[in-house]
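Analysis of the macromolecular model
Listed below, chain by chain, are the residues.
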Amino acid sequence: MTPQHRTTRPRTGRAEHLRASPPLFRSPFLDRLTRVHPAVPAALYGPLAVLLAVLAAPRLGWAALAGYALLGYVLWTLTEYWVHRALFHLTPRSARGRRLHRLVHGVHHDHPDDPRRLVMPPLASLVLTGIPFAALHLALDGGAANAVAAGFTAGYVLYDELHFLLHRPGPPTALGRRLRRHHLRHHFQDDSRGFGVSCPYWDHVFGTAPGRTAAGGPAGGAAAS
């Protein structure tokens, strides 16, 4: 058969499974809330991080603002690591717990190339950022609390947008390719290791760094590159 007469076969198998986007709720409205455009975290929380920094600056000065914001970013990276490790990869015993785990994180491991489930839905991210925001304002005065919250919020935005990009093929930089390999090892090699997405250094600190062998990614967006 000549190349001109070859038929194109539809994509089937594991690649399509990884890109699948199964419904999580019977209600179309609720299910729609589980699918989020990747620009949403930056659109919602980017301006908030800037506003918090602007509110903090007159009360702190630029040097203190930078220091508190850096502290907030470090606090975010620890939150990212430990929420992923201790909460997202908790093994529930009850049927209800397993259902909740699938909603929160399990579906992402089952279908890691679903492009609309690579960033957090706003309702989930409000909890993840709102609780630390309230705690900071209880523990610190307004200027310091806003500055730390600005760094924390900026760290969250970086994490969510980076997570989306790491599930897309062909990062343009060496750092991007290194982070992608690290994250895909977590998905396809050993999900008990490699919990840091934007902060893989915490995996080395806490002894959960993945092995050095190449990630066994399948065809499609999740293949290592």
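Residues numbered from 1 in each chain as written. Predicted model: local features only at pLDDT ≥ 70, side-chain atom pairs only at ≥ 80, totals over all residues. Heavy atoms only, no water.

Looking at the overall build of the chain
Per the secondary structure count, the chain includes 9 helices and 0 strands. Counting only residues that meet the buried cut, the chain has 41% of its 225 residues in that class. When contacts within the chain are restricted to residue pairs at least 6 apart in sequence, long-range pairs at least 24 apart make up 73% of them. As presented, the chain carries roughly 12600 Å² of accessible surface, and 65% of it is formed by carbon and sulfur atoms. (Helix = DSSP H or I, 4+ residues; strand = E, 2+ residues; numbered from the N terminus. Buried < 20%, exposed > 50% of the residue type's maximum accessible area, 1.4 Å probe, protein only. Contact = heavy atoms within 4.5 Å. Areas by Shrake-Rupley, 256 points an atom, 1.4 Å probe, with all protein chains shown as cover.)

Quick word on the side chain of His 109
Secondary-structure assignment places His 109 in helix 5 (residues 95-110). Among the polar contacts listed, one links the side chain of His 109 to the side chain of His 105, at a separation of 3.2 Å. Here His 186 takes part through its side chain, which lies 3.2 Å from a polar atom of the side chain of His 109. In contact with His 109, not counting residues within four places along its chain, are His 89, His 186, His 187 and Asp 191. (Polar contact = N/O pair within 3.5 Å; in protein donor to acceptor, adjacent residues only side chain to side chain.)

As for helix 8 (residues 174-188)
Here helix 8 contains 15 residues, and its C-alpha end-to-end distance of 21 Å stays within 8% of the 21 Å for a straight helix at 1.5 Å per residue. The complete set of buried residues in helix 8 reads Gly 176, Leu 179, Arg 180, His 182, His 183, Leu 184, Arg 185, His 186, His 187 and Phe 188. Check the buried side of helix 8 and you find it contacts helix 1 (14-19), helix 4 (62-88), helix 5, helix 7 (142-166) and helix 9 (201-205). (Expected span 1.5 Å × (residues − 1).)

Description of the environment of Ala 134
With respect to the helices and strands, the residue Ala 134 is situated in helix 6 (residues 122-139). C-alpha separation for the pair Ala 134 and Ala 145, spaced 11 residues apart in sequence, amounts to 9.2 Å.

Examining helix 6
Between the first and last C-alpha of helix 6 there are 25 Å, a value that for 18 residues agrees with the 26 Å anticipated at 1.5 Å per step. Burial in helix 6 covers these residues: Ser 125, Leu 128, Thr 129, Pro 132 and Leu 136. The elements touched by buried residues of helix 6 are helix 3 (40-60), helix 4 and helix 7.

Some details on the packing of aromatic side chains
In this description, a pair of aromatic rings is defined by centroid distance and the angle of the planes. Applying the stated criterion across every chain, the model contains 11 aromatic pairs. Consider the rings of Trp 76 and Tyr 156, whose centres lie 5.6 Å apart with planes at 75°: the pair is edge-to-face. Here Trp 76 is found in helix 4, whereas its partner Tyr 156 is found in helix 7, with 80 residues between them in sequence. An identical accessibility class is assigned to Trp 76 and Tyr 156; each is buried. Between Trp 82 and Phe 206, the aromatic rings sit 5.1 Å apart at their centres with planes inclined by 70°, giving edge-to-face as the arrangement. Linking Trp 82 in helix 4 with Phe 206 in the segment after helix 9, this pair joins segments that are 124 residues apart in sequence. The partly exposed category is assigned to Phe 206, whose relative accessible area is 31%. The aromatic ring of Phe 25 is capped on one face by Arg 99, whose charged end is 5.7 Å from the ring centroid. Arg 168 extends its terminal NZ or CZ atom over the ring of Phe 164, reaching a point 5.7 Å from the ring centre. (Phe/Tyr/Trp six-rings, centres within 6.5 Å; stacked < 30°, edge-to-face > 60°. Lys NZ or Arg CZ within 6 Å of the ring centre and 35° of its normal.)

It is worth stressing that arrangement in space is one thing and function is another; only the former is reported here.
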